[in-house]
Protein chains: 2
Amino acid sequence: MVSRSPITNKEYPLPSTAEDKQGINDFLALHPGKKVVVVQGLGFVGSVMGLVVANALTEEYAVIGIDLPSSSSYWKICSINEGVFPVIASDPKIDIYYKNALHKKNYYATYDSYAFSKADIIVVDINLDVKKKSSISKDLEDYNVDLTPFKKAIESIGHQCKPDVLVLVETTVPPGTSQKIVRPLLEENLTKRGLPIDELKVGHSYERVMPGPKYIDSIQNFYRVFAGTDEKSSEAVEIFLRTVIRTDEYPLTKLGNTNATEMAKVLENSFRAMNIAFMVEWSRFAEEAGVDIYEVVNAIRMRPTHKNIMLPGLGVGGYCLTKDPLLASWARMNLFGSEERLHQSEKGVHINDKMPLYAFEYLQSQYNGSFEGKKVLLLGVSYLNDVGDTRYTPVEGFYEQLDSEGCEIYLHDPHVLYWEEKDLWVNQDMDELLKQDYDFIVVTTGHKDYRNNGELINKLIAKPRSFIYDTIGVFSNDEIKSLAAKHVVKVIGRGDL
Amino acid sequence: MVSRSPITNKEYPLPSTAEDKQGINDFLALHPGKKVVVVQGLGFVGSVMGLVVANALTEEYAVIGIDLPSSSSYWKICSINEGVFPVIASDPKIDIYYKNALHKKNYYATYDSYAFSKADIIVVDINLDVKKKSSISKDLEDYNVDLTPFKKAIESIGHQCKPDVLVLVETTVPPGTSQKIVRPLLEENLTKRGLPIDELKVGHSYERVMPGPKYIDSIQNFYRVFAGTDEKSSEAVEIFLRTVIRTDEYPLTKLGNTNATEMAKVLENSFRAMNIAFMVEWSRFAEEAGVDIYEVVNAIRMRPTHKNIMLPGLGVGGYCLTKDPLLASWARMNLFGSEERLHQSEKGVHINDKMPLYAFEYLQSQYNGSFEGKKVLLLGVSYLNDVGDTRYTPVEGFYEQLDSEGCEIYLHDPHVLYWEEKDLWVNQDMDELLKQDYDFIVVTTGHKDYRNNGELINKLIAKPRSFIYDTIGVFSNDEIKSLAAKHVVKVIGRGDL
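It should be emphasised that the depicted structure is a prediction, and the values quoted were computed from it without experimental measurement. (Residues numbered from 1 in each chain as written. Chains lettered and ligands numbered in written order. Predicted model: local features only at pLDDT ≥ 70, side-chain atom pairs only at ≥ 80, totals over all residues. Heavy atoms only, no water.)

Caption draft 1: Here's a closer look at the sheet that holds strand β10 (residues 201-204) of chain A. Residue and element names in this part refer to chain A. With respect to topology, 8 strands assemble into an open sheet ordered β5-β4-β3-β6-β9-β10-β11-β12, the strand pairing being mixed. Strands at the two margins of the open sheet, each flanked by one partner only, are β5 (107-110) and β12 (252-254). Mean inter-strand twist for the sheet, computed between neighbouring axes without regard to direction, equals 25°. Strand direction decides the pairing type here: strand β3 (residues 35-40) and strand β4 (residues 61-66), joined by 6 bridges, are parallel. Among the inter-strand pairings, V37 is bridged to a residue of β4, identified as V63. (Pairing = 2+ DSSP bridges. Helix = DSSP H or I, 4+ residues; strand = E, 2+ residues; numbered from the N terminus. Axes fitted to C-alpha atoms, helices over the stretch in contact; angles between N-to-C directions.)

Caption draft 2: The packing of helix α9 (residues 258-289) of chain A against helix α12 (residues 343-353) of chain A, seen in detail. All names here are of chain A. Contact pair α9 / α12: the axes reach a minimum separation of 8 Å and the direction vectors enclose 55°. As judged from the angle between their axes, α9 and α12 are oblique. In this structure, the crossing between α9 and α12 has a hand that is left-handed. Across from S270, A273, M274, I276, A277 and V280 in α9, the residues of α12 making contact are Q344, S345, G348, I351 and N352. Taken together, the residues of the contact of α9 with α12 break down into 6 nonpolar, 5 polar and no charged. (Parallel < 35°, antiparallel > 145°, perpendicular 65-115°, else oblique. Left-handed = near helix turned anticlockwise from the far one by under 90°. Contact = heavy atoms within 4.5 Å. Nonpolar A, V, L, I, M, F, W, Y, C, P; charged D, E, K, R; others polar.)

Caption draft 3: Structural detail: the sheet that holds strand β13 (residues 375-379) of chain A. All names here are of chain A. The strand order across the open sheet formed by 5 strands is β14-β13-β17-β18-β19, and the pairing between neighbours is parallel. Looking at the sheet topology across the chains shown, the edges are occupied by β14 (408-412) and β19 (488-491). Each strand axis lies, on average, 15° off the axis of its neighbour in the sheet, ignoring direction. Pairing between β13 and β14: 5 bridges, direction parallel. The residue bridging V376 from the neighbouring strand is I409, located in β14.

Caption draft 4: A nonpolar patch on the surface, seen in detail. Taken together, I7(A), I88(A), L417(A) and W425(A) make up a surface patch of nonpolar side chains, about 410 Å² in accessible area. Mapped onto the fold, I7(A) is located in the loop between β1 (2-4) and β2 (11-13). (Patch = residues over 30% accessible without salt bridge, like charges linked within 9 Å, V, L, I, M, F, W, Y side chains within 5 Å. Areas by Shrake-Rupley, 256 points an atom, 1.4 Å probe, with all protein chains shown as cover. Salt bridge = Lys/Arg side-chain N within 4 Å of Asp/Glu carboxyl O.)

Caption draft 5: View of the relation of the copies chain B and chain A. Mapping chain B onto chain A calls for a screw motion: a turn of 180° about the axis and a shift of 0.0 Å along it, with 0.1 Å RMSD after fitting. Seen this way, the second copy is the image of the first under a two-fold rotation axis. Rotation axis and chain B: the residue whose C-alpha lies nearest the axis is N308(B), separated from it by 3.0 Å. A high fraction, 100%, of the interface residues of chain B reappear at the interface in chain A, so the copies pair face to face through one surface. (Least-squares fit on C-alpha atoms with pLDDT ≥ 70 in both.)

This is the structure in structure tokens:
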């Protein structure tokens, strides 16, 4: 078994033991007297959180990132220690911060939970996933929250941690988790080890990380909400956050308990998921009434009370909006014993999950022909504009529909080299892609590269007649007019073009 | 039959004929050469719209307000002509504008549709209601849109209007109405009268009137969206609006067709209704989890993308949010032949309509005793803070529950003298009300008078022990602590106080 870096393509054989005591001790010997922060999880959040802590504002920390020596994670550990940061991002600060950490030698990565025994502070940035049975069509009850991997990770802390450690959970968890699961598990393990529990500190402060051009700022220069499982914990969390976040400009908000901070995160994502779902029906109604929903929404947004109204699109993706409402509903029933689900929030996820299917059905209804053997160019596979993140991207459901109809599909995305979930390589070279002709050209992500891009419009006009389908609404009315002189052009929710 | 003014208590016998030709001609003789604007409907919108047109920015109009000589409307006609403006509002501009109109003698009111024959511009500000079967509990399909009264009003215009009149609909109507109902009805009537139809202009521009301290500004200093049923109509609407609205600061937004403007209004209200409904489940979840939903929402609102997230409350009232989503769904099916309702938007109204019942059930669950013969003081009957507007107020459903349980109910509201829908007088004198003792004191409207009001808190503390129930969240944590030293205090969504 090996773990391959998608950045360097280098392959790393997985280690035969979980042992890295020497590496950890050697690293810590370089930083006597410094507080040790262990970041658990080296994904999109943890790897960059480690970087921010290694570049803390008012304290010098020794930072250890820890993840599992699995084929999907081990390369990240090696990469950090070898001087290649395991995340590609358009944010130039990533490079600056990483070079600085290399210079200070204060960011080490490991897979040995021995690291927890050295930690003054442990930041939990692991995943907590919701399993859905299928990717685009599912019933409300067709999901499952399995806390087993999360609990196992917390237990691995409990087996080794100091009794006075601060465990700060940043993972988006079902409300109630810090109080009802994390703290009891840690206390239980400390007690088993014959250690006191009264100095243990457990808190929750959710991250609002946005991979992209402001990756670092989304941690260091952004508002934070936090709480502790008791007053002592709350104080410790606050002291730590003040050393890494620019709290003078982005004041911290302390909430009454960790249930509240955990709820805040899933509530804010449910709000957003819900408001996207809300627009689904309205954009269909707009279609029926020959109304351009974009101009309607832009008019409504002039009211400050309505600024957050959403626009239609291909669907909802990413790690948060696709699952957080479900985490909340699950917690309501399973951690607080309510007999009621959060119906509307679950429904929001349900509607959003079906959006790619609807986008495909719309295409079918407008095209009225067989898709067998048709050549399709998809512009964008990322779930979000200007970011290379394909997790739960709605393009997947749309791709699968085209694929099952027998289309020959070509992919463009300026930010994605490799579409991990589909095991597909993605082309960044539009000119190369446009050497071929396509039956369908579909805008599937709202990247800046596709907006107000006169050159792209001209290239498309130069191609033989094709069916151009803008699922996002990136093209302006003028661009649509230019394209429509040559091609068939359709945009969901734009009415009669 | 008489029509009684709730402002002066004066009674007016209803007129025996619909004839007021002389009055209209005498009025118009005072304003030779001026354009004549007839405002149809003298309710919350029309009466003040007439005032704004009489005080237009760049044109001198002769304004005639017209309404039916019914017991509920006739007094308004008389009142305008007698020098008493028929709306009580905290906006001082109302008084200034009305005095100016009296001075210029350019705002006349009548019930004779002869006025339409003199109009260059007719502004339609009549109601278009949705009939719901019951006030607090209803099924999704338990409503009905009857266009008959609206059509009759439009026909009364068609019977008399000039062939080149501009009819500007401001009423919130089902999308499609201007194009599919208003224009055809007017054309049909002009044709019957042997008149041409090619100079007829019909447009739609919805108002965003907020009765209250910025009543006039909500018309004159606010963004407007407009469209015409054809280009000529659209131009005429724009020219008119520019004369009455401060379009330099609040630019007009022209949309592609009247379906779009009509949709914009019901969409923006559906957005708001939906976001209130969304919080209903979450505030219950917060209750279960011991979380203060107010602090959670305030933390979330720090994100610009989440500023429009709502707070919990007693329910949703007023003329718009309680019906506009239903108008939209009805139009989708009945004017555009869709087989799909707007499920989520209808559901939003449904959930909101049940909020007062939930607020009562919460009280029952917290109080755990009989309500028979209990004395209850309700603070606020208006549906909105700082405004005297009881239309569809959620206090009604809550009141009815208390009433049916045999409570003795006392009402306070600084802005409401008379609760028209319940035919009840409302007390403005808190001191007088507090001469008695109450079993329950319930905050039912978020008036400024109840917020940060140390004097009120002290008066309540001085009363014998009672059950204080803040359904709105007007009391601060400190105020709640002070009250709780003496009383039982409950707030929906504040968790464990």
